[in-house]
Protein chains: 8
Amino acid sequence: MDGWGAVLRAFRDGTLDEAGALERLKTLSFEDLGFAKVDHHRALRQGFPEVIFCPGKAAEHITAIAEKLLKAGGPGLLATRADEAAYEAVRRAAPDAIYQTIARLVEVRRAAPAPLPGTVGIVSAGSADIPVAEEAALVAEALGCRTDRIYDVGVAGLHRLLAQLERLSAASVLIVAAGMEGALPSVVGGLVDCPVIAVPTSVGYGASFGGLSALLGMLSSCAAGVGVMNIDNGFGAAMLATKILRGK
Amino acid sequence: MDGWGAVLRAFRDGTLDEAGALERLKTLSFEDLGFAKVDHHRALRQGFPEVIFCPGKAAEHITAIAEKLLKAGGPGLLATRADEAAYEAVRRAAPDAIYQTIARLVEVRRAAPAPLPGTVGIVSAGSADIPVAEEAALVAEALGCRTDRIYDVGVAGLHRLLAQLERLSAASVLIVAAGMEGALPSVVGGLVDCPVIAVPTSVGYGASFGGLSALLGMLSSCAAGVGVMNIDNGFGAAMLATKILRGK
Amino acid sequence: MDGWGAVLRAFRDGTLDEAGALERLKTLSFEDLGFAKVDHHRALRQGFPEVIFCPGKAAEHITAIAEKLLKAGGPGLLATRADEAAYEAVRRAAPDAIYQTIARLVEVRRAAPAPLPGTVGIVSAGSADIPVAEEAALVAEALGCRTDRIYDVGVAGLHRLLAQLERLSAASVLIVAAGMEGALPSVVGGLVDCPVIAVPTSVGYGASFGGLSALLGMLSSCAAGVGVMNIDNGFGAAMLATKILRGK
Amino acid sequence: MDGWGAVLRAFRDGTLDEAGALERLKTLSFEDLGFAKVDHHRALRQGFPEVIFCPGKAAEHITAIAEKLLKAGGPGLLATRADEAAYEAVRRAAPDAIYQTIARLVEVRRAAPAPLPGTVGIVSAGSADIPVAEEAALVAEALGCRTDRIYDVGVAGLHRLLAQLERLSAASVLIVAAGMEGALPSVVGGLVDCPVIAVPTSVGYGASFGGLSALLGMLSSCAAGVGVMNIDNGFGAAMLATKILRGK
Amino acid sequence: MDGWGAVLRAFRDGTLDEAGALERLKTLSFEDLGFAKVDHHRALRQGFPEVIFCPGKAAEHITAIAEKLLKAGGPGLLATRADEAAYEAVRRAAPDAIYQTIARLVEVRRAAPAPLPGTVGIVSAGSADIPVAEEAALVAEALGCRTDRIYDVGVAGLHRLLAQLERLSAASVLIVAAGMEGALPSVVGGLVDCPVIAVPTSVGYGASFGGLSALLGMLSSCAAGVGVMNIDNGFGAAMLATKILRGK
Amino acid sequence: MDGWGAVLRAFRDGTLDEAGALERLKTLSFEDLGFAKVDHHRALRQGFPEVIFCPGKAAEHITAIAEKLLKAGGPGLLATRADEAAYEAVRRAAPDAIYQTIARLVEVRRAAPAPLPGTVGIVSAGSADIPVAEEAALVAEALGCRTDRIYDVGVAGLHRLLAQLERLSAASVLIVAAGMEGALPSVVGGLVDCPVIAVPTSVGYGASFGGLSALLGMLSSCAAGVGVMNIDNGFGAAMLATKILRGK
Amino acid sequence: MDGWGAVLRAFRDGTLDEAGALERLKTLSFEDLGFAKVDHHRALRQGFPEVIFCPGKAAEHITAIAEKLLKAGGPGLLATRADEAAYEAVRRAAPDAIYQTIARLVEVRRAAPAPLPGTVGIVSAGSADIPVAEEAALVAEALGCRTDRIYDVGVAGLHRLLAQLERLSAASVLIVAAGMEGALPSVVGGLVDCPVIAVPTSVGYGASFGGLSALLGMLSSCAAGVGVMNIDNGFGAAMLATKILRGK
Amino acid sequence: MDGWGAVLRAFRDGTLDEAGALERLKTLSFEDLGFAKVDHHRALRQGFPEVIFCPGKAAEHITAIAEKLLKAGGPGLLATRADEAAYEAVRRAAPDAIYQTIARLVEVRRAAPAPLPGTVGIVSAGSADIPVAEEAALVAEALGCRTDRIYDVGVAGLHRLLAQLERLSAASVLIVAAGMEGALPSVVGGLVDCPVIAVPTSVGYGASFGGLSALLGMLSSCAAGVGVMNIDNGFGAAMLATKILRGK
């Protein structure tokens, strides 16, 4: 299968028309660092910047990937699950990087994202679920979403949740983060008409098994049409919410 | 350790006073059928008739145990998890036995149980949880409780639950049966002040794993002070509720 | 909390304006059959007819619920996970009920659903995943979606998948059903920009553990922003897809 | 949905009678700190002070919540699963806070709780289960219960347990904490008539899997009517015991 | 590696002395049926007849193995987990075969086993555990043990167990079969000095998970020195008990 | 992406050379039946005929797939996990189909496979593992391998295994099927130099959990370099063995 | 229930004969420290000194228990799973305490144990299993057993195991410690006639899951009559071996 | 069973011919260090040097084993899962030892390995999988394989994988390391004809459960004939690949 050059030559020679060439470029383009293949055109293909998932990556690799991504231009980059060392690694490539400590997220913003229509409501059951909720909120904002944070409205104090019914109903899509038994998406899913994205968190006593109870509860939700993310995966929830907002 | 006779002789001889003799009788009395040891005085000691747990027991054993229990007098007997064959086996010992098909419970009632104060509310999330809820309700009634059945009030249709708030608040103790994600006890536990007994049921789609999701969810409940029973164990829930009502 | 009548009188008396009365009606309305609480206005509140989840429900209960729902008017009803007996039960209430055997779905269609914009692509990895995919497709169609079925395009024969790239890219939202290792949503999620809903199926050899391997694989997907449903839950996937299409 | 002010004005205006106003206040009242919604009237609604579950909460959040709760008056507060940092955080809001190191509990007591009738027996199988048993005992006492500690009476030395038969029989409700195989509640449940609350602990060798063996054992108890809490959840056991003692 | 003949010739030629030849014969001897390798000399090497584990074996294979084993002489044979078809298969080879239906065991006894010293106590928690207990008892008797059956002495009725203390103390080794929470071996192990072999059974409600709760409970037993068998493995328990009685 | 025709025209026009055209054909070719995409050229690309995995496929689909595959020519087809109904379905397309009942395999052989060098040794621990071993053996033979069956040589009778050392050492690759604790591949892997493919089987008592114990044991094998297949997956083992024999 | 004094007075007064008094003393005697109930006469009743299981016990509690035990005389004490702090705690009560670092065992030996007949063979699969094997060996020796250590004879190097056949055959009982797939007890159990006690260890790569693979493998062993201990429980294995040697 | 000396004397005396003597030496030879049995002739028997698995081994044991192995000559040694301390331990025996930090591998190379035919392709899904991939690559090279590293080609960016199709097709055997959902071996297995060895890695978010999701996914792969290794077991994958290359 052919690379950049071949596509361009084919375009120049007329064996590929413009649409075909763009399609090829969307499909094929990346830069090979040996230990990693950096994807410059994901922004083009998926509309998002490359995101660096930090755990298990060496600091110098993070720096190198960040440098390549930023040199290629584009709206910036995100580094998720970043500890202090990962932040330093990004900062060596981008001194303007910002570290969101609660969400453990590093942001480099070189251009404002195109604003998306609608609002993503970010709901958390307890205050211990906030790190996951914040990862979702900050990533969604970095991708152009308007957000509305509705925190600490777990089902054991139903009046706190019902008091927010108006804001819940106003959202275009809801991300609901909850640990323990993970009941909140079921209750919320029965109250609103918009898509609900459930994120189990690893918060809980004893047999919550690092989020497994919440995960199983959300998968088994009696509210129909709840999409579930992996445990603590606020990032993924934001990605799905953004794709929903972007529409067709 | 000594048996019936020794206790009685000791009482007659004055080496045991009346309180001591009664204590001994409470502790020691049973009848040995070889394959089973029938406990005549559990009614005395725990205030309940012996209950026959049917699975795995041969039909002739069920008949023999039922005969011994009924010959000893007392308020009657219950046979749980009874299929048609188990019902027939009890009927050979007690032609007046009644079979509650939904709850799979056989009852022989020879005396009305002493009525207990208060009310046991029996709540079910969906109509598929009714067999477990009915086992709880019928056992509780057989032991002298007044009950109030509040069925099909799962959290995905919160208005159905909130419409019952008054009945929920009026109960002395609530038994809440739910499958799927098992969220109902968490929500109910946040709405009422009385003790809540949660019973996970084996109802559900895919990864509810035969009630495991509901069980884990109930154990991890964010509502404090919910006591959890084994999956589908409506009988145990009724026993605990009765002990609570009986008080001190 | 008050019921139908109180809301209407309040509206007549002017203590509730029209918007408030509608909101109340949306929140409160259901009919109590004792064993079930039938929700007439879910169609109003969520835009969908009530759906009967058949397992564990007695045949006469299914008939009674179906009768109440149809008497209330509305676009019809769906009964999922229906066996032959459940089909007969619905047919007693609605002789025009249709049984989709592969999807195990009963449909009563009294009015054409309002057509939704866009297309739901339904993708299956193998032909054994078709029952789940069909449940998703038929439910989505019953709710007004246009669908495109793309079946038997599992990742072990990548050329079969890549040959469908155009249809995949044309969809507004994709439902991807796969058993075994559940890799298809990861691959599809990397190829398209629209939201992807992953449905693990209970198809597989040995240690696929009834769909658990596929479920865990989809939750751990390296493609960001995939929303996961419970095992074999084609119905839930269709509900989420419909909510996404309906937008804001 | 309306807040404090609206309820009071409605009461003044006569559109709400006193009972209705109180009911509203019980249902609706909380204070919004943004990251948390502090519930001043839980004391009123459930009769208990708010309890702060410390893990995952930032120190400054703990201080802020404690300040709000204490400013609202009431009997004091409890902070569970508190490490030294959490203790310091509470102390910044309440210099009179006391740290119970074994139970990892912080108490601020501003008024003596109303004494409840009866006695809560707290039973531990081994001395390694004492931290969980102490959490239960101290919370129960903070809520007004009289307690009786019966420790180190595991089933492998049955004579130690039987020597306490009198104290066991005198309790109104028993909390039984045990790790390893979790057999103690089954044995105790067969000896007494009062409600038994079983708390599995994460104590044990090899395949006790962090309390899972004890949890499963207690759920499967052959003694009928044992209510089970999550692993190491002494706090929840005390809450349930208190609700039982409070009666109706 | 050499077979029967080579060993015997070596012995005749004097290159192997008698002890060496016996050792070789003990190690090497079996008969190859193609689908199975029948071990004639296990009786010699381990002192027991070959035992046929029936599940998964074709009826004609069972007959063929039984024929070979019986033609070789020896004390007889046992077939475990035998259904009616397996019994018929053995009977075709041995018309004198006896079917123990409760234990699902087929016995062919051609010679009385050499009696072993001491007694194997067989203890069951409930009457539903009797099939497993009986498998253990009958296999132990077939191998020459004297047995004492002590059934239905579960820990929830402690007085029934304590009434048997003398018989428990008289045993040389105890096999304890229990389902549900599997607490009985812990209690028995604290009361006696002899070796205790614990057999979890698949008896139980809900989350006993086919014997897993009992298995984990027995492995985690707080009574030191309890050896655990697989779920429902009464046969293995009898084998271990027999090896213990045989001593050195 | 283009199909058959485009490739051929490109070849005729000279924009693709012969090697390129073949490569394209290898990658792209299949026939779309709607419910399935039949892959005619897998034989060309992977050297094997398409294999029909029967579970979950409707009988008429099996017939249709078989017809398409056989019409395309090639060496024949295999249908695995076939019950009687699946056999009949294949027979409607191929009256010469043969049903191997023990291995539950249907074979249609239209041409002798090209013989491969070396020998695949098929080893089973017990006679209950033979169905899995036979599936492996028959598939390997259908693909051109010479096989050597070495059955019933489990590790509890080590002399039976050691007596086969010569045959084990003569094999080019060994497939080892074992249930229960799955120890045989570890022992065999320490005795031979060739690649060992371990297949756990679902054979076993109690806590073997449907093959899970054997699977985990084989993955954890202390013999280095054992490749593990899914539970009961004799087919996969044969595929891997064949690829190894085919070499480069 | 009465204590020491009452028994002795009863004996002096003649209401208890000598046998009865001894029986009572065996059953009843312990000293209550509040946080622990120290059992002086377990040595009398079970023939072993009390053993302190260190994890979860406070240092001052360990010292106090050790003091009480040693003041009561007897052969000494053992403290298992002891870290440096636990060793120091015992040393405060007994300056002559010895710390076996590999086995993490503290011994105080005040009298030589009565020697038992026979030999306990201690077998380890790899050198990483030695800590567990040493715990077993040292405890067995402290209880009067003669031991024979046979280490590093795992099944992947079968010749190393077979070279020890004579020592294996000479043992009266074998303790076999193995991690990874836990195959060694199955192989050893097929080679010897004496009782085999299997101890899974938490040694292993990836999916050995902290000893679970070895545990499941040993429970599923194809060698009949293997008794299994909990993961890493060398102490329990030694206790069982000692009880077997002591005989009747 | 006899040792070194006996074999040699038998050879000298003519009771063993040369082939028999070699066979014996291959089977029997090792050196006993007490805590370990060092296998000098594994190089002869399996063609590989002994490999030291470091976890759980004391530093002085590692040094001693390394010394013995190197004194015996041969091509060198490998120490896997080595931390800094293990590296120092090997260096005391071999100052020329090299530490590969990413792969955590220590190599002592005293002779170049005999080069094997073909190429082992080492494929990684992400850059976080590289440590496992490097362990596989370095071990394979130490055993004489030529390798080709193809890193960061996970399925979510399919174009990166397809761009490497030529290199994938050129390999004789492929080792594919992937975490998260572990989909890469399924996709690769459908693209190439050579044997594929799948290595799940413990890389991943939330419910990837330390590699379990990838492991189950690979076992359930829809690509036939993929052999699976334990989690993170790059070493085992290299051993299997080498055995495959060595052929017959």
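Above this text sits the structure in question.
Basis of the calculations
- Residues numbered from 1 in each chain as written.
- Chains lettered and ligands numbered in written order.
- Predicted model: local features only at pLDDT ≥ 70, side-chain atom pairs only at ≥ 80, totals over all residues.
- Heavy atoms only, no water.
- Helix = DSSP H or I, 4+ residues; strand = E, 2+ residues; numbered from the N terminus.
- Buried < 20%, exposed > 50% of the residue type's maximum accessible area, 1.4 Å probe, protein only.
- Contact = heavy atoms within 4.5 Å.
- Areas by Shrake-Rupley, 256 points an atom, 1.4 Å probe, with all protein chains shown as cover.
- Salt bridge = Lys/Arg side-chain N within 4 Å of Asp/Glu carboxyl O.
- Least-squares fit on C-alpha atoms with pLDDT ≥ 70 in both.
- Pairing = 2+ DSSP bridges.
- Axes fitted to C-alpha atoms, helices over the stretch in contact; angles between N-to-C directions.
- Parallel < 35°, antiparallel > 145°, perpendicular 65-115°, else oblique.
- Left-handed = near helix turned anticlockwise from the far one by under 90°.
- Nonpolar A, V, L, I, M, F, W, Y, C, P; charged D, E, K, R; others polar.
- Polar contact = N/O pair within 3.5 Å; in protein donor to acceptor, adjacent residues only side chain to side chain.
- Phe/Tyr/Trp six-rings, centres within 6.5 Å; stacked < 30°, edge-to-face > 60°.

**Student:** Hey, could you go over the overall build of chain A for me, with residue numbers and the actual values?
**Tutor:** From N to C terminus, chain A includes eleven helices and eleven strands. The buried share among the 248 residues of chain A stands at 64%. Partitioning the intrachain contacts of chain A with sequence separation of at least 6 by distance along the chain shows that 64% fall at a separation of at least 24. Total accessible area on chain A stands at roughly 8400 Å², and carbon and sulfur atoms take up 54% of it.

**Student:** Account for the pattern of salt bridges, with residues named and values stated.
**Tutor:** For the coordinates displayed, the defined rule picks out 56 salt bridges over all chains. Between glutamate 135 of chain B and arginine 81 of chain B there is a salt bridge whose closest N-O contact spans 3.8 Å. Pair noted here: glutamate 135 of chain B is in helix α6 (residues 130–142) and arginine 81 of chain B is in the loop between β4 (76–80) and α5 (84–93), with a separation of 54 residues, a long-range link. Of the charged contacts, one joins arginine 149 of chain F and glutamate 141 of chain F as a salt bridge, the two residues approaching to 2.9 Å between their closest N and O atoms. Given a relative accessible area of 29%, arginine 149 of chain F falls into the partly exposed group. For glutamate 141 of chain F, a relative accessible area of 24% corresponds to the partly exposed category. Members of the salt-bridge network, linked through shared partners, are Glu134, Glu141 and Arg149 of chain A.

**Student:** I'd like a rundown of the relation of the copies chain H and chain F, residues and numbers included.
**Tutor:** Superposing chain H onto chain F requires a rotation of 180° together with a translation of 0.0 Å along the rotation axis, leaving an RMSD of 0.1 Å. Taken together, these values place the two copies in the relation of a two-fold axis. The overlap is high: 100% of the interface residues of chain H also sit at the interface in chain F, so the same surface is used on both sides.

**Student:** For the sheet that holds strand β5 (residues 98–100) of chain D, give the residues involved together with the corresponding values.
**Tutor:** All names here are of chain D. With mixed pairing, the four strands of this open sheet are ordered in space as β3-β4-β6-β5. Strands at the two margins of the open sheet, each flanked by one partner only, are β3 (51–53) and β5. Adjacent strand axes in the sheet meet at a mean angle of 20° when their direction is disregarded. With four bridges joining them, strand β4 (residues 76–80) and strand β6 (residues 105–109) adopt antiparallel strand pairing. By the bridge assignment for β6, glycine 76 is matched with arginine 109. Where helix α6 (residues 130–142) meets the sheet, it contacts β4, β5 and β6, and its direction lies at approximately 15° from that of β6.

**Student:** Hey, could you go over the packing of helix α10 (residues 212–219) of chain C against helix α10 (residues 212–219) of chain H for me, with residue numbers and the actual values?
**Tutor:** Between α10 of chain C and α10 of chain H, the shortest axis-to-axis distance is 8 Å and the interhelical angle comes to 130°. What the angle tells us is that α10 of chain C and α10 of chain H run oblique. The way α10 of chain C lies across α10 of chain H gives a crossing that is left-handed. Along its contact with α10 of chain C, which presents Ser213, Leu216 and Gly217 of chain C, the element α10 of chain H presents Ser213, Leu216 and Gly217 of chain H. Tallied by class, the residues present in the contact of α10 of chain C with α10 of chain H amount to two nonpolar, four polar and no charged.

**Student:** Please give an account of the interface of chain H and chain F that cites residues and values.
**Tutor:** Counting residues at the interface gives 29 residues for chain H, matched by 30 residues for chain F. Across the chain H-chain F interface, the total number found is zero salt bridges. Viewed at the interface, chain F and chain H are joined by five residue pairs in polar contact (both at pLDDT 80 or more). Ranked by the residues each element gives to the side of chain H that touches chain F, the list is headed by helix α11 (residues 234–246) of chain H, at six residues.

**Student:** I'd love a proper account of the environment of valine 51 of chain F, names of residues and values included.
**Tutor:** All names here are of chain F. With respect to the element layout, valine 51 can be found in strand β3 (residues 51–53). For the pair valine 51 and glycine 121, spaced 70 residues apart in sequence, the C-alpha separation works out to 22 Å. The residues touching valine 51, leaving out its near neighbours within four places in the chain, are Leu78, Thr80 and Phe235.

**Student:** Could you give an account of the environment of glutamate 181 of chain A, naming the residues involved and the relevant values?
**Tutor:** When you line up the elements, glutamate 181 of chain A lands in the loop between β9 (173–178) and α9 (184–191). Among the residues examined, glutamate 181 of chain A registers a relative accessible area of 2% and is labelled buried. The sequence separation of glutamate 181 of chain A and arginine 91 of chain A amounts to 90 residues, and the corresponding C-alpha distance is 39 Å. Within the structure, glutamate 181 of chain A has its side chain in polar contact with the side chain of serine 186 of chain B (distance 2.3 Å).

**Student:** Before we move on, could you go through unusual backbone geometry and cite the residues and values that matter?
**Tutor:** Backbone geometry at aspartate 152 of chain G places phi at a positive 65°, although glycine is not the residue there. Along the chain, aspartate 152 of chain G falls in the loop between β8 (146–150) and α7 (158–162). A positive phi angle, close to 50°, is found at arginine 81 of chain H, a residue other than glycine. Using a relative accessible area of 16% as the deciding quantity, one classes arginine 81 of chain H as buried.

**Student:** Requested: an account of the packing of aromatic side chains, with residues and values cited.
**Tutor:** Residue and element names in this part refer to chain B. For the structure on display, the rule yields eight aromatic pairs over all chains. A ring pair is formed by tyrosine 87 and tyrosine 99, whose centres lie 4.9 Å apart and whose planes are at 20°; its orientation type is stacked. Remark: tyrosine 99 occurs in strand β5 (residues 98–100) and tyrosine 87 occurs in helix α5; sequence separation between them is twelve residues. The pair formed by tyrosine 87 and tyrosine 99 is uniform in burial state, with each residue classed as buried.

**Student:** Please give an account of the sheet that holds strand β5 (residues 98–100) of chain G that cites residues and values.
**Tutor:** Residues and elements named next belong to chain G. Strand order in the open sheet formed by four strands is β3-β4-β6-β5, with mixed pairing between adjacent strands. The open sheet has two edge strands with one neighbour each: β3 (51–53) and β5. Along the sheet, successive strands turn relative to each other by an average axial angle of 20°, direction set aside. Packing of helix α6 (residues 130–142) onto the sheet brings it into contact with β4 (76–80), β5 and β6 (105–109), and relative to β6 it is tilted by some 15°.

**Student:** If you had to explain the pairing of strand β6 (residues 105–109) of chain A to someone new, which residues and values would you point to?
**Tutor:** All names here are of chain A. Among the five residues that make up β6, four are buried, leaving the element largely enclosed by the rest of the structure. In terms of strand pairing, strand β5 (residues 98–100) meets β6 through three bridges, oriented antiparallel. When the sheet's bridge partners are listed, isoleucine 98 is paired in β6 with glutamate 107. In this structure, the hairpin formed by β5 and β6 is closed by a connection of four residues, where arginine 104 is found at a positive phi of approximately 50°.

**Student:** With reference to specific residues and values, describe the side chain of glutamine 164 of chain H.
**Tutor:** Residues and elements named next belong to chain H. Relative to the helices and strands, glutamine 164 resides in the loop between α7 (158–162) and α8 (165–170). Overall, the relative accessible area of 8% leaves glutamine 164 in the buried class. A polar contact of 3.0 Å, which involves the side chain of glutamine 164, links it to the side chain of arginine 167.

**Student:** Would you mind going over helix α10 (residues 212–219) of chain B in detail, with residue names and values included?
**Tutor:** Count 3.6 residues to each turn of an α-helix, and residues three or four apart come out pointing the same way. With seven of eight residues buried, α10 of chain B lies mostly within the body of the structure. Turning to α10 of chain B, its buried residues are Ser213, Ala214, Leu215, Leu216, Gly217, Met218 and Leu219 of chain B.

Interpretation in functional terms is not warranted from these geometric data alone.
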